[in-house]
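The residues making up each chain are set out below.
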Amino acid sequence: MQHPSVAIVILNWNGKKYLEEFLPHLLLSTYNNYRIIVADNNSTDDSLSFLQQHYSFIEIIRLPENYGFAKGYNLALQQVEADYYLLLNSDVKVTPGWIEPMVDLLEQDQQRAACQPKLLSYHHPSFFEYAGAAGGWLDHYGYPFAMGRIFDVSEEDQGQYDTSVPIFWASGAALFIRVQVFHEAGGFDNYFFAHQEEIDLCWRIQLLGYSIYSCPSAVVYHVGGGTLPKGNSLKTYLNFRNNNIMIYKNMHGLRKGYVLFARFFLDAVSAFKSLLKGDGGYFVAVFSAHLSFAKWIIADRKKSVFPKNRTAALSGYLRQCLIWSHFAKGKNKFSEIVKDNYGSR
């Protein structure tokens, strides 16, 4: 029996040290129908010569400039044929049997479009990793969080999220997705460049009537912050700008208006709070992001990918304010905020 084909695509930019460290683990994958492709975003280190010398069997797609995560993957994936894409950050250590559970999960139901493995911290393996943890959620005001991670607080993995459930978004650090659905939804939004593009994509996919799942029986370990470390002003800018664009594109009606108004207020509070603590870079990044968001509304909206529908039921959506639950009520665990309420909203 021929198993579905899986194309593992690693978008690389000056990541030789990660390729050197983590490719040997990837090659221990036990699935019998996968291939590895490295899409290079015009690296200036010796990533490609390293691959050619030590892993000549790995396919290479050369991009002429650094297009970022979103456009880099879009351009590369236009050249890749498979049943499933498995988009993998170069700084992820995989485990041998990580692919099979994700294939099995999606093959059970054709409406399941994408999933993610359990993401644990490479440096603290008993804890969930920031970028997705055990599966991504979204609150009523557009704040992303995850099973096992609330803002900067990551939980210890004690098997508390080991049931596969519908989620809002799957992490771009290790995103397993049907090729047909990726293209049907329009792929990533090139305008995002990097950060939250996978949340936007998963939102559009859900609005098409498909579902996104967690797959905790597949386990990987993520270093995180390999390209833009935590606290980087560009990372802050992209996160705030892209989050507002995502809300504008995917919400509709009066809800969109009051959510964006509330977010402007909440973002301003966050910015001024950081300024009072002496972090001027964060302050500037947040307000630059809002100015860029205004520019996008006025001049650049046509450059983005919009959903084809805005009224489908959403899983992994919290009809509460995450900020209030976390900062005012002191709730640091996903289970304290969402409890056992894992269904559609």
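The model shown is predicted, which means the values in this text are computed figures rather than measured ones.

Participant: Summarise the overall build of the protein chain; cite the residues concerned and give the values.
Facilitator: The secondary structure content of the protein chain amounts to eleven helices and 14 strands. Scaling as 2.2 N^0.38, a compact globule of 345 residues should have a C-alpha radius of gyration of about 20 Å, and the protein chain matches this with 19 Å. Looking at the protein chain as a whole, 55% of its 345 residues are labelled buried. Of all intrachain contacts in the protein chain linking residues separated by at least 6 positions in sequence, the fraction that spans at least 24 positions is 76%. Accessible area of the protein chain: about 14,800 Å², with a carbon and sulfur share of 54%.

Participant: Explain the confidence of the model for the protein chain residue by residue, including any values.
Facilitator: Mean pLDDT for the protein chain: 95, with 96% of residues reaching 70 or above. Within the model, the stretch residues 341–345 combines pLDDT values under 50 with 15 contacts to residues more than four positions away or in other chains.

Participant: Requested: an account of the environment of Tyr85, with residues and values cited.
Facilitator: Tracing the chain through its elements places Tyr85 in strand S4 (residues 84–88). Taking the relative accessible area as the measure of exposure, Tyr85 reaches 1% and is therefore buried. Residues Tyr85 and Gly209, spaced 124 residues apart in sequence, show a C-alpha to C-alpha distance of 20 Å. Apart from residues lying up to four places away in sequence, Tyr85 is in contact with Ala7, Leu77, Val80, Leu175, Phe176, Ile177, Val179, Phe182 and His183. Among the polar contacts made by the side chain of Tyr85, one reaches the main-chain carbonyl oxygen of Leu77 at a distance of 3.0 Å. Polar side-chain contacts of Tyr85 include one of 2.8 Å to the side chain of His183.

Participant: Talk me through helix H9 (residues 280–300); I want residue IDs and the actual numbers.
Facilitator: Over its 21 residues, H9 extends 28 Å from the first C-alpha to the last, a length consistent with the 30 Å expected when each residue adds 1.5 Å. Residues of H9 that are buried: Tyr282, Phe283, Ala285, Val286, Ala289, His290, Ser292, Phe293, Trp296 and Asp300. Looking at the packing, one finds that the buried side of H9 touches helix H7 (233–250) and helix H8 (253–276).

Participant: So, the packing of helix H6 (residues 197–207) against H7: which residues are in play, and what are the values?
Facilitator: It is at 10 Å that the axes of H6 and H7 come closest, and there the two elements cross at 10°. One element, H6, and the other, H7, form an angle in the roughly parallel class. Packed against H6, whose contacting residues are Ile199, Asp200, Trp203, Arg204 and Leu207, the element H7 presents Met246, Ile247, Lys249 and Asn250 at the interface. Residues belonging to the contact of H6 with H7 are distributed by class as follows: five nonpolar, one polar and three charged.

Participant: An account of the pattern of salt bridges is requested, with residue identities and associated values reported.
Facilitator: Per the counting criterion, the structure on display carries ten salt bridges. Linking Asp200 and Lys249 is a salt bridge whose minimum nitrogen-to-oxygen distance equals 3.0 Å. Within this pair, whereas Asp200 is found in helix H6, its partner Lys249 is found in helix H7, the two being separated by 49 residues in sequence. For the residue pair Asp200 and Lys249, the accessibility class agrees, reading buried in each case. In this structure, Asp300 engages Lys295 in a salt bridge whose closest nitrogen and oxygen atoms are separated by 2.5 Å. The exposure class of Asp300 is buried, given its relative accessible area of 5%. On the basis of relative accessible area, Lys295 is assigned to the partly exposed category, the value being 45%.

Participant: A description of the pairing of strand S12 (residues 174–178) should follow, citing residues and the corresponding values.
Facilitator: Within S12, five of the five residues are buried, leaving the element largely enclosed by the surrounding structure. Where strand S6 (residues 112–121) and S12 come together, two bridges link them in antiparallel fashion. Across the sheet, residue Cys115 finds its bridge partner in S12, namely Phe176.

Participant: Tell me about the environment of Leu291, and name the residues and values.
Facilitator: Mapped onto the fold, Leu291 is located in helix H9. Along the sequence, Leu291 and Arg241 sit 50 residues apart, while their C-alpha atoms lie 8.5 Å from each other.

Participant: Report on the pairing of S6, specifying residues and quantitative values.
Facilitator: Regular strands have side chains that alternate between both faces of the sheet. Most of S6 sits out of view: ten of its ten residues are buried. By the bridge criterion, nine bridges tie S6 to strand S13 (residues 211–222) in an arrangement that is parallel. Along S13, the bridge assignment pairs Gln116 with Ser214.

Participant: Lay out unusual backbone geometry in plain terms, naming residues and giving numbers.
Facilitator: One non-glycine residue with positive phi stands out, namely Phe151, at about 50°. With respect to the helices and strands, Phe151 occurs in the loop between strand S9 (149–150) and strand S10 (153–154). What makes Phe151 buried here is its relative accessible area of 18%. Even without being a glycine, Gln196 presents a positive backbone phi close to 70°. With respect to the helices and strands, Gln196 occurs in the loop between helix H5 (179–184) and H6. Gln196 gets classed as buried once you look at its relative accessible area, which sits at 9%.

Cut-offs and rules
- Residues numbered from 1 in each chain as written.
- Predicted model: local features only at pLDDT ≥ 70, side-chain atom pairs only at ≥ 80, totals over all residues.
- Heavy atoms only, no water.
- Helix = DSSP H or I, 4+ residues; strand = E, 2+ residues; numbered from the N terminus.
- Rg over C-alpha atoms; globule rule 2.2 N^0.38 Å.
- Buried < 20%, exposed > 50% of the residue type's maximum accessible area, 1.4 Å probe, protein only.
- Contact = heavy atoms within 4.5 Å.
- Areas by Shrake-Rupley, 256 points an atom, 1.4 Å probe, with all protein chains shown as cover.
- pLDDT = per-residue confidence, 0-100.
- Polar contact = N/O pair within 3.5 Å; in protein donor to acceptor, adjacent residues only side chain to side chain.
- Expected span 1.5 Å × (residues − 1).
- Axes fitted to C-alpha atoms, helices over the stretch in contact; angles between N-to-C directions.
- Parallel < 35°, antiparallel > 145°, perpendicular 65-115°, else oblique.
- Nonpolar A, V, L, I, M, F, W, Y, C, P; charged D, E, K, R; others polar.
- Salt bridge = Lys/Arg side-chain N within 4 Å of Asp/Glu carboxyl O.
- Pairing = 2+ DSSP bridges.

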